[in-house]
Amino acid sequence: MKKAKILLAACALAFAFVSCKGKETAPKSESGSSSTESSASSSSSAGFHIGVVTGTVSQSEDDLRGAEELIRRYGAVNNGGMIQHITYPDDFMSQQETTISQIVALADDPKMKAIVVNQGVPGTAEAFRRIKESHPDILCFTGEPHEDPLVIQKSADLAVSADFMSRGYTIIWAAKQLGAKTFVHISFPRHMSYETLGLRRNIMEQACEDLGIKFVFETAPDPTSDVGVAGAQQFILEKVPQWVEKYGKDTAFFCTNDAHTEPLLKQLAQYGGMFIEADLPSPLMGYPGAFGIDLTAEAGDFPKILKKVEQVVVENGGAGKFGTWAFSYGFSVSAGLGEFAKRVIEGTASKESSADLFKALGEFTPSANWNGGYYIDQSTGVRAKNQILIYMDTYILGQGFLKTTELEVPEKYFKIKFTK
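Here's what I pulled together on the structure shown here. All figures in this text were calculated on a predicted structure; none of them were measured in a lab. (Residues numbered from 1 in each chain as written. Predicted model: local features only at pLDDT ≥ 70, side-chain atom pairs only at ≥ 80, totals over all residues. Heavy atoms only, no water.)

A word on the overall build of the protein
We count it as follows: For helices the rule is a DSSP run of H or I covering at least 4 residues; for strands it is a run of E covering at least 2, with both sets numbered from the N terminus onward. The contact definition used throughout considers only heavy atoms, calling two residues in contact when any of these lie within 4.5 Å. Computed with the Shrake-Rupley method and a 1.4 Å probe, the accessible areas treat only the protein chains shown as cover for residues.
Across its full length, the protein holds 13 helices and 15 strands. In the protein, the proportion of contacts linking residues at least 24 apart, taken out of those at least 6 apart, comes to 73%. For the protein, the accessible area works out to roughly 16,000 Å², and carbon and sulfur atoms hold 51% of it.

Set out below in structure tokens:
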């Protein structure tokens, strides 16, 4: 896969999601409503509506905050604005029909012109299919689809995924730069059944072999199972000290689930080990809770958030051991896809243009380096026209950027096959 490096440089004055001093931030609501005044007057009526579906705070907080940023900019539908935000159930695996019904119900709004689902949990493809049957004009976008690429591509106008192929190599390369001798991949059967996550795991294992790192797979409970989020997190809290003792402090750990991230970081900070970046990277992903960081004053300002997170991690002896992306992937995708949908509806962007998509994402990631390319089907070699894979440079706290977007990922890794 040939990747073209994309430099997204947005003027700081246009960085609208950065909070100014003294400016109040929106309440942390999961209902999609906000009492904060947006750039759209609450007394006006938007010409069209955009539905945004995210997980809850417990499953994917950054995704939800991106939806709240859209509300801050363009107003909530119930206040005469543009954005209708809802959340899917935490236990989405056993409540797929509920998730489908919630997404489809958004199309009942006669002003609805686009629906964005981030993350695209199982059921999203079916929801989009039903919507397209009766409302073919409604744009259907999804971020980080959980369903297999060929499944989501059939009904979505656009799917955006973290580049699971390139990152399968770049994360291992980064671990090597930090001196890791072992790499522990933590996941569970449901995630490993997804082509995106399962293939990345296979690429990581091959990259470890090629770069001289021992690869280990450890199983943890699925947060959507009977144990729930709390039980899954407790498991990580109990197992990490044992894993560090078994594999050594020169071990890099990686988990595929957001809910596992905070307890993993918390225990690595106490017992040793390394963490390159989260499955869906962000300075907000796990770090505030794991290190007890109060980011109230920095809310919405990712450069300041990163600086404070870095300061606390370094003070706790984590310099050169913990990494992230400088800007939240989940936040940027929720907000960026909503912005992109708005521009497509208004005729200022084309849904087929990757350049227009990256410009929309660039509203929320000023001066960030991205790399990416359209998904290529493993069986046919055909490049998809409606699924794009993206990734950002890795930032090591206390050290700075590793220019992962400048790496030439060897072609062999794009030919590795997915096996369940």
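Observations concerning the sheet that holds strand E15 (residues 400-402)
Using the following cut-off: At least two bridges found by DSSP between two strands are what make those strands a pair.
Reading across the sheet, the 3 strands line up as E11-E14-E15 and stay open at both edges, with antiparallel pairing between neighbours. Each end of this open sheet is capped by a strand with a single partner; those strands are strand E11 (323-324) and E15. Both E11 and strand E14 (residues 394-396) contribute to a ladder of 2 bridges, which runs antiparallel. When the sheet's bridge partners are listed, Thr324 is paired in E14 with Tyr395.

Things to note about unusual backbone geometry
Heads up, the condition is: Type-normalised accessible area, obtained with a 1.4 Å probe on protein chains alone, sets the label of each residue: buried when under 20%, exposed when over 50%, and partly exposed for intermediate values.
Following Asn118, the chain continues into Gln119 via a peptide bond in cis, with omega recorded as 10 degrees. With a phi angle near 45 degrees, Glu144 is a residue other than glycine that sits in the positive phi range. Assignment of secondary structure puts Glu144 in strand E5 (residues 139-145). A relative accessible area of 10% means that Glu144 is categorised as buried.

Let's talk about the nonpolar core
Put simply, the rule is: We call a set of buried residues a nonpolar core when its members are Ala, Val, Leu, Ile, Met, Phe, Trp, Tyr or Cys and they connect through side-chain atoms within 4.5 Å of each other.
Grouped together as the largest cluster of nonpolar side chains are 74 residues, with contacts concentrated most on Ile50, Ile186, Leu264, Tyr287 and Phe322. Discounting chain neighbours no more than four positions away, the residues touching Ile186 are Glu218, Ala220, Ile236, Trp243, Phe253, Phe254, Cys255, Thr256 and Leu264. With 34 residues, the next largest nonpolar core counts Ala180, Met204, Leu402 and Phe414 among its residues.

Here's the deal with the packing of aromatic side chains
Two numbers describe a pair of aromatic rings. These are the distance of the centres and the angle of the planes. Quick reminder of the rule: Note on ring pairs: Phe, Tyr and Trp rings are taken, using the six-membered ring of Trp, and paired if centres are within 6.5 Å. Classes follow the plane angle, with under 30 degrees stacked, over 60 edge-to-face and the rest tilted.
Applying the stated criterion to the full structure yields 16 aromatic pairs. Taken together, a centroid distance of 4.9 Å and an interplanar angle of 40 degrees make the contact between Tyr169 and Tyr413 tilted. With Tyr169 in helix H5 (residues 164-177) and Tyr413 in the segment after E15, this residue pair connects regions lying 244 residues apart in the sequence. When the ring of Phe235 is compared with that of Trp243, the centres are 6.4 Å apart and the planes differ by 65 degrees; the resulting orientation is edge-to-face.

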